[in-house]
Amino acid sequence: MLACKIHAKEDLRIEQEETPDIQPGEVLLKLGAGGICGSDLHYYFEGRNGSFVVREPLIPGHEASAVVARVGAGVTRVKVGDKVAVSPSHACGRCDYCRDGREQLCRNMKFLGSASLFPHIQGMFREYFVMGERQCYPVGGDISLGELAFAEPLAVGLHAVNRGGELLGKSVLITGAGTIGCVTVQRGATRRRAHGHGVGHPGPSARASEAGRRRRRAARATRRRGARETAVRRRVRSVGQHPSAQDLHGGGQARRRRRAGRHAAARAVAVRRQRR
Ligand SMILES: [Zn+2]
Ligand SMILES: [Zn+2]
């Protein structure tokens, strides 16, 4: 079978390799489609991802879909031919976090396609790879293998949306408009009916034209808001300083009235701002 390996900075090779064997409880998967993550790009362009340095040939890839090719003894979760989303996080199942049901924080996590440990944990950019059955999530229906490869980044976005708490009706700022930022905007905006705004780097020309559009939109909004607030303030002043009010209720009453009028106007402006 073929495997894609990073040997060093900007040294990527497609090489022949033995198709791996499976043990009881394991599943042999045939790669469907794989997303290229920022960490994969770091390994390729820099030969490292932060402090994780490529010290032996590394197969990148941790966002992939696959089809089950073979199952080991005792596997019940999937069968041959199933389309699966693959979790790249291989937790130990024994540490305190794992026993506590928080496997994502496992102290001995083996994350696929990562040079965090040595020997490196090889990733999914190869024709076949082996996973424990618990890492395979069979998905039915007519979803394509390409769409299914988004399961991992989507899971990250969903986790962020869930951590965000009640988002109903709120405006949400999401920094970083890469894959995870985009799926987070989509989930945040559709599932919880919040308005998601992604901020990131969509490329120089798109960035320039979008920045121009944003500036013009903001300038228009400011002019509109300014005009409205001036009108409201003028109205408040005319109510609060009405001579008959002072004559009838005295200075203190009139001052309170003016203050109440101003507060009401401020509330009206705030409500209008929220609605926009
Ligand atoms: Zn990733
Ligand atoms: Zn663990």
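Each value, and the rule that gives it
Going along each chain's sequence as written, the residues are numbered from 1 onward. Chain A is the first chain written and ligand 1 is the first ligand written, with later ones labelled in order. Given that the model is predicted, a residue must reach a pLDDT of at least 70 before its local features are reported, and side-chain atom pairs must reach 80 or more before they are shown or counted; all residues, however, enter totals for whole chains, interfaces and linings. A helix here means a DSSP run of H or I that spans at least four residues, while a strand means a run of E at least two residues long, and both kinds are numbered starting from the N terminus. What counts as a contact is two residues whose backbone-derived C-beta atoms lie within 7 Å of each other. Burial is judged by counting the other C-beta atoms within 10 Å of a residue's own C-beta: 20 or more makes it buried, 12 or fewer makes it exposed, and any count in between marks it as partly exposed, with every C-beta position built from the backbone. Read the arc as the range of directions from the helix axis to the C-beta atoms. pLDDT measures the predictor's confidence residue by residue and takes values from 0 up to 100. Under the convention used throughout, the expected extent of a helix is 1.5 Å for every residue step, that is, one less than its residue count.

Student: So, the overall build of the protein: which residues are in play, and what are the values?
Tutor: When you go through the protein residue by residue, the secondary structure sums to seven helices and 13 strands. Partitioning the contacts of the protein with sequence separation of at least 6, the portion at a separation of at least 24 is 66%.

Student: Lay out helix α1 (residues 38-46) with the relevant residues and their values.
Tutor: Residues of α1 that are buried: Ser-39, Asp-40, Tyr-43 and Tyr-44. With its buried residues spanning 140 degrees around the axis, α1 presents them on a single face. When the buried face of α1 is taken as reference, the exposed residues oriented beyond 90 degrees from it are Gly-38, Leu-41 and Phe-45. For α1, the secondary structure elements touched by its buried residues are β1 (2-8), β2 (11-16) and β4 (48-49). Within two residues after α1, Gly-47 carries a phi angle of roughly 70 degrees, on the positive side.

Student: Can you break down unusual backbone geometry residue by residue, with the values?
Tutor: A cis amide bond links Phe-118 with the next residue in sequence, Pro-119, at an omega value of -5 degrees. For Pro-119, the location among the structural elements is in the loop between β9 (110-111) and β10 (128-132). If you check the backbone angles, Glu-10 has positive phi at about 55 degrees while not being a glycine. Here Glu-10 shows up in the loop between β1 and β2.

Student: A description of the confidence of the model for the protein should follow, citing residues and the corresponding values.
Tutor: Averaged over all residues, the pLDDT of the protein is 80; the fraction at 70 or higher stands at 69%. Between residues 202-208, whose pLDDT stays under 50, and residues either more than four places distant or in other chains, the model counts three contacts.

Student: Account for helix α4 (residues 151-163), with residues named and values stated.
Tutor: Helix length check: α4 (13 residues) gives 18 Å between terminal C-alpha atoms against 18 Å at 1.5 Å per residue, within 8%. Within α4, burial applies to Glu-152, Pro-153, Leu-154, Gly-157 and Val-161. Looking at the residues trailing α4, positive phi occurs at Gly-165, about 75 degrees.

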